[in-house]
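Examining the three-dimensional arrangement
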Amino acid sequence: MSLQSEILRRRTFAIISHPDAGKTTLTEKLLLFGGAIHVAGAVKSNKIKKTATSDWMEIEKQRGISVATSVMGFEYRNYKINILDTPGHQDFAEDTYRTLTAVDSVIIVVDTAKGVEAQTRKLMDVCRMRKTPVMIFVNKMDREGKDPFDLLDELESELGIHVRPLSWPINQGFSFKGVYNIHKENLELFTPNKQSISESVAFSDINNPELENYVGVHDANKLREDMELITGVYSKFDIKRYLAGELAPVFFGSALNNFGVKELLDCFVEIAPSPRPINTVEREIDPFEEAFSGFVFKIHANMDPNHRSCIAFVKICSGKFERNVNYKHVRHGKMMRFSSPTAFMAQKKETVDEAYAGDIVGLPDTGNFKIGDTLTGGEELHFKGIPSFSPEMFKYIENADPMKTKQLDKGVNQLMDEGVAQLFVNQYNGRKIIGTVGQLQFEVIQYRLLHEYNAQCRWDPISLYKACWIESADAVELDNFKKRKAQYMAKDKSGRDVFLADSGYVLQMAQNDFKNIKFHFTSEF
Ligand code: G4P
């Protein structure tokens, strides 16, 4: 197969949802269709569910599982599908943001009863920033939920994206009869059964009186009315708007009952984008370029302290990656080759000889890589767009064992390169501040410093509201600001200026007083 056709058949995406909406169940059903697994229950839920925050066994278990399920590749109808898993626990949200930089599209799972929930909203913000094409699967239609029209309104207003139903439910809960697949003009009839695939009847004209035979008079009429309303309210599905990230097609179903999943998958492979061009500081990279390029979006450390090795996950952005070929590690300016790159098929990791744009390869690493690093065939390229977001929680990190200063510094640096949390150095007093999304990350850091680096840390409280990356074209004002706020000025790991605002009010005052300074809540602007 030519390079072009290999790349064209790739679909790399992530499933995102608020915990419990059904992401794991949907992932599993997709894998069943791809023949990647054979029994239900094979995909372990990648989350620290219903446990106390400091349950170490659970964290370790989760980390162990998440290597295997970080990327799940499978073949379906001559498409090569790569599902990138995202951590379920919200304290690892930063990990999810980074994973979203490596996908070409996204499927959002929403619970029909709960509608749009907090975490989904946040993740959608990231998709919107990146103009990622989004599809929505409304799950758990076998349960009572919101009125589907109300839900569509909620999706539009809460997620800030236009929607267009491509399937439509006939009732829900106990009286759920199935969906009308608008995209394929099929009637999909629901049987509550976890293993079988639904009965599908071609039905191009819902005014055909035969509809009554399948769903009864009442529901047939209701479906006709609903369809009329849909055609009146929503314009025709426009694939260009979907690909531009402006319009999300919506499907209804029940992942647990394997209902509506095949329809979703069939439509997905047809309309979801193959790898898309990616921006670098230097130029736009087209996936079909012969020369290989890729970037590290995730680093997974081995929890076994005796083998301090990591896996760097590289998204291939262009061309073909080959085993044992020399590639340039742009930040180090040196050539490297990889004798045992791994690809991820189903839930197995295996060594691969080649992989194409759209694929993810795992490179065993002993500290050469950090998040955002670029690998190329030789060109100097720097990928853009792996942003850090302002952390939500901050603590001073202090050395609790003066004999182990070196170990602590090394550990902190490596863990930050891995993207576990963010480090800021206060320029006034030189103290190190760690910023995280949730409490769990502090515990992970402390635990890993001790077990992997033999270093001990202590946390000292600091009350901060946000970290803002600042810039200004007005050097005098910038200088002025830094002097005025000297106690609150820090540098991030890349040496950029960060203002640590201790309250929303202080931040607002600073924004008012220094009009020529831009305050950013992400590191990429
Ligand atoms: P998540 O990864 O998004 O967190 O959700 P997950 O798939 O683990 O699903 C959360 C719960 O919702 C699970 O039940 C799952 O069985 C259930 N579920 C998923 N899809 C459907 C559906 O279409 N209909 C119904 N009725 N339930 C669904 P649980 O009791 O929390 O877990 P388990 O004990 O069944 O594993």
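As a convention, each chain's residues are numbered from 1 in the sequence order in which they are written. For a predicted model such as this one, the threshold for reporting local features is a pLDDT of at least 70, and the threshold for listing and counting side-chain atom pairs is 80 or more; totals across whole chains, interfaces and linings nevertheless cover every residue. By convention in this description, side-chain values take in all heavy atoms of the structure and omit both hydrogens and water.

**A look at the overall build of the protein chain**
Counting from the N terminus, the helices are the DSSP runs of H or I reaching at least four residues and the strands are the DSSP runs of E reaching at least two. The helix and strand inventory of the protein chain stands at 13 helices and 31 strands. Across the 525 residues in the protein chain, those meeting the buried criterion constitute 56%. Residue contacts follow a heavy-atom distance rule, with two residues in contact if any of their heavy atoms lie within 4.5 Å. When contacts within the protein chain are restricted to residue pairs at least 6 apart in sequence, those whose partners lie at least 24 apart make up 72%. Exposure classes here rest on a 1.4 Å probe applied to the protein chains alone. A residue is buried below 20% of its type maximum, exposed above 50%, and partly exposed in between.

**Concerning the layout of surface pockets**
A 1.4 Å probe that fits into a set of points on a 1 Å grid over the protein atoms alone but cannot get out defines a cavity; an open set with protein on both sides within 12 Å along at least five of seven lines defines a pocket, and lining residues are those with an atom within 4 Å of a point. Grid points are joined across faces, edges and corners, and a volume is the space filled by probe spheres set on the points. Counted as a void, the largest pocket has a volume near 830 Å³. Along its surface, the largest pocket is lined by 30 residues, and Ile371, Gly372, Ile386, Ser494 and Arg496 are the ones closest to its centre. Those elements giving two or more residues to the lining of the largest pocket turn out to be helix 4 (93-100), helix 10 (405-417) and strand 25 (422-426). Side-chain classes follow a simple rule in which Ala, Val, Leu, Ile, Met, Phe, Trp, Tyr, Cys and Pro form the nonpolar group, Asp, Glu, Lys and Arg form the charged group, and the remainder, Gly included, forms the polar group. By residue class, the composition of the lining of the largest pocket is 11 nonpolar, 8 polar and 11 charged. When residues of the lining of the largest pocket are assigned to domains, at least three fall in each of domain 2 (278-376) and domain 3 (393-520). Here the limits of each domain have been adopted from an automatic or database domain assignment.

**Structural notes on the packing of helix 10 against helix 11 (residues 439-453)**
Inter-axis angles, ranging from 0 to 180 degrees, are taken between N-to-C directions of lines fitted to C-alpha atoms, where helices are fitted over the stretch in contact. One way to put it is that helix 10 packs onto helix 11 with a least axis distance of 10 Å and a crossing angle of 120°. Viewed along their axes, helix 10 and helix 11 adopt a mutual orientation that is oblique. Judged by the twist between their axes, the crossing of helix 10 over helix 11 is right-handed. Listed contacts from helix 11 to Gln407, Leu408, Lys410, Gly411, Val412, Gln414, Leu415 and Met416 of helix 10 are Ile445, Arg448, Leu449 and Tyr453. In terms of residue class, the contact of helix 10 with helix 11 is made up of 7 nonpolar, 3 polar and 2 charged. When an angle is under 35 degrees it counts as roughly parallel; over 145 it counts as roughly antiparallel; between 65 and 115 it counts as roughly perpendicular; any other value is oblique. For any helix crossing, the convention is left-handed if the near helix is rotated counterclockwise from the far helix by under a right angle, and right-handed if that rotation is clockwise.

**Things to note about the sheet that holds strand 24 (residues 393-399)**
In short, DSSP must find at least two bridges between two strands for them to pair. Pairing is antiparallel across the open sheet formed by 8 strands, whose spatial order is 27-24-26-25-29-30-28-31. With partners counted over all chains shown, the strands left at the sheet margins are strand 27 (457-461) and strand 31 (518-520), one partner each. Averaged over all pairs of adjacent strands, the angle between their axes in this sheet comes to 40°, without regard to strand direction. Bridge count for strand 25 against strand 29 (residues 489-491) is 2 bridges, and the pairing is antiparallel. Looking at the pairing, asparagine 426 lines up with alanine 490 of strand 29. Where helix 12 (residues 475-484) meets the sheet, its contacts fall on strand 28 (466-471), strand 29, strand 30 (497-501) and strand 31, and the angle it forms with strand 28 comes to roughly 150°.

**Details of the pattern of salt bridges**
Every case where a carboxyl oxygen of Asp or Glu lies within 4 Å of a side-chain nitrogen of Lys or Arg is listed as a salt bridge. Taken as a whole and assessed by the stated rule, the structure comprises 39 salt bridges. Here arginine 241 ties to glutamate 246 by a salt bridge, and the two come within 3.4 Å at their closest N and O atoms. Classification of arginine 241 by relative accessible area gives partly exposed; the value is 25%. Via salt bridges that share partners, Glu6, Arg9, Arg10, Glu75, Lys80 and Asp359 belong to a single interconnected network.

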